[in-house]
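Summary of structural features
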Amino acid sequence: MRSASLLLSSLLLVLVSTACRDEQAGPRPRTQALPPPTQVRFLDAAPSDLTYRADTTFAGGTVRYLGSRVSPRGAAPGQPVQLAHYFEALQPPPQGWEFFVHVVDPTTGQMLANADHGFAGGLAPLETWPVGKVAEDVHTLPMPAMPGRVVLGFWRGNARLGVDDPKAHAGDNRMWGPELGGALPAPPEYLVHRAAQAPVIDGVLDDAAWKAAAPVVLRGSFDGRPMSLRTEARLTYDERHLYVAFDVEDPDVWGTFRQRDEPLYTQEVVEVFLDANADGRTYNELQVSPHNVHFDAYFPARRRGMDLSWDSGMVSAVKVRGSLDDPSDKDEGWRVEMKIPFARLAEVPHVPPQKGDRWRFNLYRLEHPGRRAEEGQSFSPLFVGDFHALPRFGWLVFD
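Residues numbered from 1 in each chain as written. Predicted model: local features only at pLDDT ≥ 70, side-chain atom pairs only at ≥ 80, totals over all residues. Heavy atoms only, no water.

**Observations concerning the domain arrangement of the protein**
Each domain of the protein was delimited in the assignment, giving domain 1 (39-180) and domain 2 (189-398). Taking only C-alpha atoms, the centre of domain 1 and the centre of domain 2 are 41 Å apart. Between domain 1 and domain 2, the residue contacts involve 6 residues of the former and 7 residues of the latter. Taken together, the two surfaces of domain 1 and domain 2 that pack against each other cover about 520 Å², and 71% of this comes from carbon and sulfur. If you sort the residues of domain 1 by the area they bury against domain 2, Thr108, Gln110 and Met146 come out on top, with a joint share of 69%. For the pair domain 1 and domain 2, the number of links is 0 residue pairs in polar contact (both at pLDDT 80 or more). Split into classes, the residues belonging to the side of domain 1 that touches domain 2 amount to 3 nonpolar, 3 polar and no charged. (Domains from an automatic or database assignment. Contact = heavy atoms within 4.5 Å. Buried area = accessible area lost by both parts, 1.4 Å probe. Polar contact = N/O pair within 3.5 Å; in protein donor to acceptor, adjacent residues only side chain to side chain. Nonpolar A, V, L, I, M, F, W, Y, C, P; charged D, E, K, R; others polar.)

This is the structure:
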């Protein structure tokens, strides 16, 4: 479902096919380069103040990447940072290759920024580089909000110029460049208490178990910002079940899907992701729509092998405070209760969980203001446009 604001069509198809499209997913919009230079700089040597040194080659030693300079290195997230890249043609360079620069999450490979541009503002395509001279390219982009890594290289059609050194190879003939961004906050924890008496699954949320459970307010999934529409969640458990409640503020409650495992994540929905053994691979995704329609899936690896035949056995109830599917009036919102059997989840270490057991998990809400835009909320902000970013899941600690 998620997931910056616009998705490339090809990536959208991939994400929809693996569930859970993100409102922030996919390559970020291309960043603005500096104003085009009026002349090309070919140097006798790379500057001495490079912040990243490479000395790695493309195309069998034809082109050498010397390194880059990041300035300022300590820019705050969102502030402009200047990147200068330096290359040398060791042999007459090949024809027709374009320059690319991406910033990726080094853990997941998720793209954080697409800074593709013509080398030196388009004035110095690869084939024009004189042998033995150092070609300079300078551009700017916003400092990412999470740790990122520059990958760069040259493309033509569907091909990329080969990277020679395996240690410099970031995959798909992309060469590693400098690191960007700072440290992220540690994922939050939720201490889940055992219920003295199980809540009644009716969508009302007036049970003693919910009153004893700690409330948590979801925040912007991409950057942790406060949201204008409040979503409060609570969790509790007993011998056989995990219970999750959402209280959603929503002026227009709607949904068109009525069948289980339809793509609820393309409309308004609440979600729970559970990685019970915290291995960062196997996990379950459970969703409930305002019409109390379910989507549940098992994943043997991140976004791979999605199994919709898996049945969570979840029982849920929804109460809408307003008029469902009527955009002509203003609703208050909707409440959801979920009753999830431990025994159906993937690789649960203990049933029931033991005191001190720690699962990875996240809670999400997707909202569509005006039924057009898309906003994501989460318990643990991701700082990348992917609800399946497992390293950014929070911790569910059993009391």
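After that view of the structure, there is still more to cover.
**Focus on the confidence of the model for the protein**
Summing up the model confidence of the protein, the mean pLDDT is 90 and the portion of residues at 70 or higher is 90%. Confidence over residues 1-18 falls short of pLDDT 50; this stretch has 65 contacts with residues more than four positions distant or in other chains. For residues 23-29, every residue scores under 50 in pLDDT, and the model assigns this stretch 44 contacts once sequence neighbours within four places are set aside. (pLDDT = per-residue confidence, 0-100.)

**Brief notes about the side chain of Asp357**
Its place among the elements puts Asp357 in the loop between β20 (333-341) and β21 (358-367). In this structure Asp357 is buried but unpaired, with Arg358 as the nearest side chain of opposite charge at 9.2 Å. (Helix = DSSP H or I, 4+ residues; strand = E, 2+ residues; numbered from the N terminus. Buried < 20%, exposed > 50% of the residue type's maximum accessible area, 1.4 Å probe, protein only. Lys, Arg positive; Asp, Glu negative; His and termini not counted. Salt bridge = Lys/Arg side-chain N within 4 Å of Asp/Glu carboxyl O.)

**Re the packing of aromatic side chains**
For the coordinates displayed, the defined rule picks out 24 aromatic pairs. Taking 5.9 Å as the distance between ring centres and 75 degrees as the angle between the ring planes, the aromatic pair formed by Trp129 and Phe154 counts as edge-to-face. Of the two residues, Trp129 is situated in the loop between β6 (111-114) and β7 (134-142) and Phe154 in strand β8 (residues 148-156); the sequence distance between them amounts to 25 residues. According to the relative accessible area criterion, Phe154 is buried, its value standing at 1%. (Phe/Tyr/Trp six-rings, centres within 6.5 Å; stacked < 30°, edge-to-face > 60°.)

**Notes on the UniProt feature "domain: Carbohydrate-binding" (unreviewed entry) in the protein**
With numbering aligned to this structure, UniProt lists the feature "domain: Carbohydrate-binding" (unreviewed entry) at residues 201-345. Helix and strand shares over residues 201-345 are 3% and 38% respectively, and the end C-alpha atoms of the span are 19 Å apart. (UniProt positions renumbered as here; feature names shortened; annotations may be inferred.)

**Let's talk about the pattern of salt bridges**
Tallied over the full model, the rule gives 23 salt bridges. One salt bridge in this structure joins Arg64 and Asp55, with 3.5 Å as the shortest N-O distance. On the basis of relative accessibility, which here comes to 24%, the residue Arg64 falls in the partly exposed class. The closest approach of N and O atoms between Arg194 and Glu239, which form a salt bridge, is 2.0 Å. With Arg194 in strand β11 (residues 189-194) and Glu239 in the loop between β14 (231-237) and β15 (241-249), the pair connects residues that are 45 residues apart, well separated along the chain. By relative accessible area, which is 39% here, Arg194 ends up partly exposed. A network of salt bridges, in which partner residues are shared, links Asp247, Arg321, Glu332 and Arg335.

**A look at the sheet that holds strand β4 (residues 80-89)**
Here we have 5 strands laid out as an open sheet, ordered β1-β7-β4-β3-β2, and antiparallel in their pairing. Of all the strands in the sheet, the pair left with one neighbour each is β1 (42-43) and β2 (52-58). Across 8 bridges, strand β3 (residues 63-71) lies against β4 in antiparallel orientation. Note on β4: the bridge partner recorded for Tyr65 is Phe87. (Pairing = 2+ DSSP bridges.)

**Thoughts on the pairing of β11**
Where β11 meets strand β23 (residues 394-398), 4 bridges bridge the pair, whose relative direction is parallel. If you follow Val192 over to β23, its bridge partner there is Phe398. Bridge count between β11 and β14: 2 bridges; the pairing is parallel. Among the inter-strand pairings, His193 is bridged to a residue of β14, identified as Thr236.

**Some details on unusual backbone geometry**
Following Ser71, the chain continues into Pro72 via a peptide bond in cis, with omega recorded as -10 degrees. Mapping Pro72 onto the fold places it in the loop between β3 and β4. The residue after Val351, namely Pro352, is reached through a cis peptide bond having omega -5 degrees. Residue position: Pro352 is located in the loop between β20 and β21. Phi angles above zero are rare outside glycine, and Asn173 is one such case at about 50 degrees. Mapping Asn173 onto the fold places it in the loop between β9 (159-160) and β10 (175-180). Judged by its relative accessible area of 25%, Asn173 falls in the partly exposed class.

**Describing the pairing of strand β5 (residues 98-104)**
The two faces of the sheet receive side chains in turn, since in a regular strand these alternate between them. Taking burial as the measure, the 7 residues of β5 include 6 buried ones, the bulk of the element. Pairing of β5 with β8, which is carried by 7 bridges, proceeds in the antiparallel orientation. From the neighbouring strand, Val101 faces β8, where its bridge partner is Leu152. Summarising the sheet, β5 and β6 pair through 3 bridges and their orientation is antiparallel. Directly across from Val104, in β6, lies its bridge partner Met111. Two successive antiparallel strands, β5 and β6, enclose a turn made up of 6 residues, where Gly109 displays a positive phi of approximately 85 degrees.

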